[in-house]
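# Structure at a glance
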Amino acid sequence: MGKVLKMAESESFGWMSKMDIQYESGKGRVDTIQTLVLNKRQSIAVASVLDVSLLMKVIDRLEELENKQTIPS
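The present account deals with the structure reproduced in this document. Quantities reported herein were computed from a predicted structural model and do not represent experimental measurements.

### What to know about the overall build of the protein chain
- Each helix and strand counted, the protein chain has three helices and two strands in total.
- The order of α-helices and β-strands along the protein chain, N terminus first, is α-β-β-α-α.
- Taken over the C-alpha trace, the protein chain has a radius of gyration of 18 Å; the compact-globule value for 73 residues is 11 Å, which it surpasses by more than 25%.
- Overall size of the protein chain, expressed as C-alpha extent along the three principal axes, is 65 × 30 × 20 Å.
- Relative to its 73 residues, the protein chain shows a buried fraction of 12%.
- Residue pairs at least 24 apart in sequence account for 31% of intrachain contacts in the protein chain once pairs closer than 6 positions are excluded.
- On the protein chain, roughly 6200 Å² of surface is accessible, and the fraction owed to carbon and sulfur atoms is 56%.
- Taken together, the 10 basic and 10 acidic charged side chains of the protein chain have centroids lying 3 Å from each other.

### Quick notes on unusual backbone geometry
- Here Lys27, not a glycine, exhibits a phi torsion of approximately 55°, which is positive.
- Position of Lys27 relative to the elements: it lies in the loop between β1 (17–26) and β2 (29–37).
- Relative accessible area serves as the criterion here: at 90%, Lys27 is assigned to the exposed category.

### Section: the pairing of β2
- Where β1 meets β2, nine bridges bridge the pair, whose relative direction is antiparallel. Residue pairing in the sheet places Gln22 in a bridge with Thr32 of β2.
- Hairpin geometry of β1 and β2 is characterised by an intervening segment of two residues between the two adjacent antiparallel strands and by a positive phi of about 55° at Lys27.

### Let's talk about a nonpolar patch on the surface
- On the surface, a nonpolar cluster with roughly 400 Å² of combined accessible area is contributed by Met19, Ile21, Tyr23, Ile33 and Val37.
- Where the nonpolar patch is concerned, the elements lending two or more residues are β1 and β2.
- The element contributing the most residues to the nonpolar patch is β1, with three residues.
- Among the secondary structure elements, Ile21 is positioned in strand β1.
- For Ile21, a relative accessible area of 34% puts it in the partly exposed group.

### Regarding the environment of Met19
- With respect to the helices and strands, the residue Met19 is situated in strand β1.
- For the pair formed by Met19 and Asn39, sequence separation is 20 residues and the distance between their alpha carbons is 14 Å.
- In this structure Met19 touches Ile33, Gln34, Thr35 and Val37, once residues within four positions along its chain are discounted.

Rules of the game
- Residues numbered from 1 in each chain as written.
- Predicted model: local features only at pLDDT ≥ 70, side-chain atom pairs only at ≥ 80, totals over all residues.
- Heavy atoms only, no water.
- Helix = DSSP H or I, 4+ residues; strand = E, 2+ residues; numbered from the N terminus.
- Rg over C-alpha atoms; globule rule 2.2 N^0.38 Å.
- Buried < 20%, exposed > 50% of the residue type's maximum accessible area, 1.4 Å probe, protein only.
- Contact = heavy atoms within 4.5 Å.
- Areas by Shrake-Rupley, 256 points an atom, 1.4 Å probe, with all protein chains shown as cover.
- Lys, Arg positive; Asp, Glu negative; His and termini not counted.
- Charge placed at Lys NZ, Arg CZ, Asp CG, Glu CD.
- Pairing = 2+ DSSP bridges.
- Patch = residues over 30% accessible without salt bridge, like charges linked within 9 Å, V, L, I, M, F, W, Y side chains within 5 Å.
- Salt bridge = Lys/Arg side-chain N within 4 Å of Asp/Glu carboxyl O.

Rendered as structure tokens:
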């Protein structure tokens, strides 16, 4: 969560909110955990930072799209 909060300091990351989620943790006990609400764009950015293989897939796809634009029709 710390890395995501750090990313959120960037103006280009956009607005996000926090919310509390309650869940049953066992033996009838209910705990609360704080989570962040991100849009699709933010979720992809976070996943790319946290998962190098996903980041490389995103880069490969961008290069693929760039190469398609340079081919004369």
